[in-house]
Amino acid sequence: MARLGISVYPEHSTIEKDQAYIRKAGSLGYKRIFTCLLSVGDKSREEVVNEFRALADTAHECGMEIIPDVSPAVFSRLGISYDDLSVFQEMHVDGIRLDEGFDGMKESLMSYNPQGLKIELNASTQLVYIENIMDHHPDRSRLVTCHNFYPQQYTGLSLEHFNTCNEKMKSMHLPVAAFISSSSEGAYGPWPVNEGLCTLEMHRGLPMDFQARHLFATGMVDDVLVANAYASDAELEACAAVNPAILTFGLILEKELTQTESKILNYEMKHVVRGDMSEYMIRSTWPRVTFKDESVTADNTHDLKRGDVVILNDGYQQYKGELHIVLKDMPNDGRKNVIGHLPEYEHVLLNYVEPWKVFSFCRV
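Procedures and definitions
Residues numbered from 1 in each chain as written. Predicted model: local features only at pLDDT ≥ 70, side-chain atom pairs only at ≥ 80, totals over all residues. Heavy atoms only, no water. Helix = DSSP H or I, 4+ residues; strand = E, 2+ residues; numbered from the N terminus. Buried < 20%, exposed > 50% of the residue type's maximum accessible area, 1.4 Å probe, protein only. Pairing = 2+ DSSP bridges. Core = buried A, V, L, I, M, F, W, Y, C linked by side-chain atoms within 4.5 Å. Axes fitted to C-alpha atoms, helices over the stretch in contact; angles between N-to-C directions. Contact = heavy atoms within 4.5 Å. Expected span 1.5 Å × (residues − 1). Arc of directions from axis to C-beta. Parallel < 35°, antiparallel > 145°, perpendicular 65-115°, else oblique. Nonpolar A, V, L, I, M, F, W, Y, C, P; charged D, E, K, R; others polar.

### A few points about the side chain of Asp209
Along the chain, the position of Asp209 falls in helix α8 (residues 208-217). Take Asp209: its relative accessible area is 17%, and that puts it in the buried class.

### Overview of the sheet that holds strand β11 (residues 281-284)
Spatially, 7 strands are ordered β10-β15-β9-β14-β12-β13-β11 in an open sheet, and the strand pairing comes out mixed. Only two strands of the sheet have a single neighbouring strand rather than two, namely β10 (271-272) and β11. Sheet analysis places β10 next to strand β15 (residues 358-363), joined by 2 bridges and oriented antiparallel. By the bridge assignment for β15, His271 is matched with Phe359.

### Brief notes about the nonpolar core
Grouped together as the largest cluster of nonpolar side chains are 75 residues, with contacts concentrated most on Ile6, Met64, Leu85, Phe88, Met91 and Ile96. When residues in this core are grouped by element, the largest group, 6 residues, is from helix α2 (residues 45-61). Among the nonpolar cores identified, the runner-up in size contains 28 residues, and Leu257, Ile282, Leu323 and Leu342 belong to it.

### Description of the sheet that holds strand β7 (residues 176-180)
Pairing in this closed barrel of 8 strands is parallel, and the strands run β1-β2-β3-β4-β5-β6-β7-β8 around the ring. Averaged over all neighbouring strand pairs, the angle between strand axes comes to 30°, with direction disregarded. Taken together, the 4 bridges between strand β4 (residues 95-98) and strand β5 (residues 118-122) define a ladder with parallel strand orientation. Bridging across to β5, Ile96 finds its partner in Ile119. Against the sheet, α2 engages β2 (32-36) and β3 (65-70), with an angle of about 150° to β3.

### Quick notes on helix α1 (residues 15-27)
Counted at 1.5 Å a residue, the expected span for α1 with its 13 residues is 18 Å, and the 18 Å between its end C-alpha atoms agrees. When we look at burial in α1, the residues that qualify are Asp18, Gln19, Tyr21, Ile22, Ala25 and Gly26. One side of α1 holds all its buried residues, which, seen down the axis, span an arc of 160°. Turned more than 90 degrees away from the buried face of α1 sit Glu16, Lys17 and Ser27, all of them exposed. One or two positions beyond α1, positive phi appears at Gly29, with a value near 100°.

### Re unusual backbone geometry
Residue Tyr230 follows Ala229 across a cis peptide bond; omega there is 0°. Tracing the chain through its elements places Tyr230 in the loop between β8 (223-226) and α9 (233-240). With phi around 55°, Asn300 is a residue other than glycine that occupies positive phi space. Here Asn300 is to be found in the loop between α11 (286-290) and β12 (308-312). Relative accessible area serves as the criterion here: at 26%, Asn300 is assigned to the partly exposed category.

### Some details on the packing of helix α6 (residues 127-135) against helix α7 (residues 159-171)
Taken N-terminus to C-terminus, the directions of α6 and α7 make an angle of 5°; their axes are 11 Å apart at the nearest point. The angle between α6 and α7 falls in the class roughly parallel. Counting all contacts with α6, which are made through Leu127, Ile130 and Glu131, the residues of α7 involved are Thr164, Cys165, Lys168 and Met169. Of the residues in the contact of α6 with α7, the class split is 4 nonpolar, 1 polar and 2 charged.

Structure follows, in structure tokens:
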């Protein structure tokens, strides 16, 4: 089941602020927390354990799991051995994310840890590395994967590489998580450089809920995590409102909708792409049946551009009430009301349309 998550960085905040943020996200249905052990500074092992235990206990009270980022350097500094992960049990965390790898065999052996910790692998690089781990017969039920995030502008993953990585993870039946970025003023990550904190470069600077909707639309991402802290309440709530199972388009309205147009747009039975898809438009045809006795007066009937959302008006007789999303530019003979359009960045979602696909809209 698809899940949402947040991130906290205790070395840059206070335990009270992090706990309040966790409780807010938990109340909205968020289920995961990412945090980082890579930059805990010169704290003693006991200090680190106590700090992360407090966060983990709060997470569990809110029905959330928590997985910190670690590396061989962290193991060395805290005196941790790959064959003894008991310190993480002391922290009460649910697993560890290996930002850097070992040799394949060690990761496999770690998956059999008696503490029951999940072992999260880096999904963004070195696919042969994960294949090597799988060749060493790990406990697959303990393995999950998570992409990197990229604080530096223009360094995030391309969609093509992202898809390649995910296809490989899914071929090995491994869950995949990825990061999205808050645009909230003052939001930060683990490092001083912070130009947004997303997995996909194309997401940088875009609305957080769009990033989530896109990742879920790929059908290859199980968990979506907000990488920087703290996301605003509005951002958290917008993402919590996303239904991962439904392809949802952000819409900018171009006119004041009539009562009938509003009912058609927010069709309670959900819009469904016709099985016999056209290359010019996505058609939702059931509204013309449901609202056949209601009038749709002609209004805002300019020529059509890709991404326009239209409702057929009374001039189309028995087709009145159909809702279309335009895929190719075309003239409008006056029988189609343009109620709004998808912002340019939303157009990528059109690539995930298939016959019989359920879709809906949210306001931008």
